[in-house]
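Each chain, letter by letter, is given below.
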Amino acid sequence: MSETTISKEEVAHVANLAKLAFDDAELEQFTTQLGDILNIFDTLGEVDTTDVEPTYSVTENVNHLRQDVADNWHQKQALLDNAPESAAGLIKVPAILDGEGE
């Protein structure tokens, strides 16, 4: 079994992409944990599944779906009246991304 390794720099890079900040102790802990997770995938890759049928569901349950029919289209103005702010027939919400203005 080959062991997959991941470096602290790779973990720090992924954390940065996810806008997460870790101190050195946390970075070391997450590097170890992610390495262990990747090694589990290596172990799973060694399992012979040649004659195993794919599992699409573990139960016999069937989804019973209804028709997707909008029946409240006439309530738009009532919805907008309840919104804190609206503009151009839409609900106005604050920006959620850094550096974004209105």
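Residues numbered from 1 in each chain as written. Predicted model: local features only at pLDDT ≥ 70, side-chain atom pairs only at ≥ 80, totals over all residues. Heavy atoms only, no water.

Caption draft 1: Region of interest: the side chain of Thr-31. Summarising the element assignment, Thr-31 is placed in helix α2 (residues 24–45). If sequence neighbours within four positions are ignored, Thr-31 has contacts with Ile-6, Ser-7, Lys-8 and Val-11. (Helix = DSSP H or I, 4+ residues; strand = E, 2+ residues; numbered from the N terminus. Contact = heavy atoms within 4.5 Å.)

Caption draft 2: Layout of α2. Compared with the 32 Å implied by 1.5 Å per residue over 22 residues, the 32 Å span of α2 between its first and last C-alpha is a close match. The set of residues buried in α2 consists of Leu-27, Thr-31, Gly-35 and Asn-39. The buried residues of α2 occupy an angular sector of 105 degrees when projected down its axis, which confines them to one face. Away from its buried face by more than 90 degrees, α2 exposes Ala-25, Ile-40, Phe-41 and Leu-44. Against the buried residues of α2 lie α1 (8–17). The distance from a side-chain oxygen at the start of α2 to the backbone nitrogen of Ala-25 is 3.1 Å, and the residue carrying that oxygen is Asp-23. (Expected span 1.5 Å × (residues − 1). Buried < 20%, exposed > 50% of the residue type's maximum accessible area, 1.4 Å probe, protein only. Arc of directions from axis to C-beta. Polar contact = N/O pair within 3.5 Å; in protein donor to acceptor, adjacent residues only side chain to side chain.)

Caption draft 3: Examining the pattern of salt bridges more closely. Under the defined criterion, the tally for this structure stands at one salt bridge. Between Lys-8 and Glu-28 there is a salt bridge, and its shortest N-O distance comes to 3.6 Å. Within this pair, whereas Lys-8 is found in helix α1, its partner Glu-28 is found in helix α2, the two being separated by 20 residues in sequence. By relative accessible area, Lys-8 is classed as partly exposed at 30%. Given a relative accessible area of 40%, Glu-28 falls into the partly exposed group. (Salt bridge = Lys/Arg side-chain N within 4 Å of Asp/Glu carboxyl O.)

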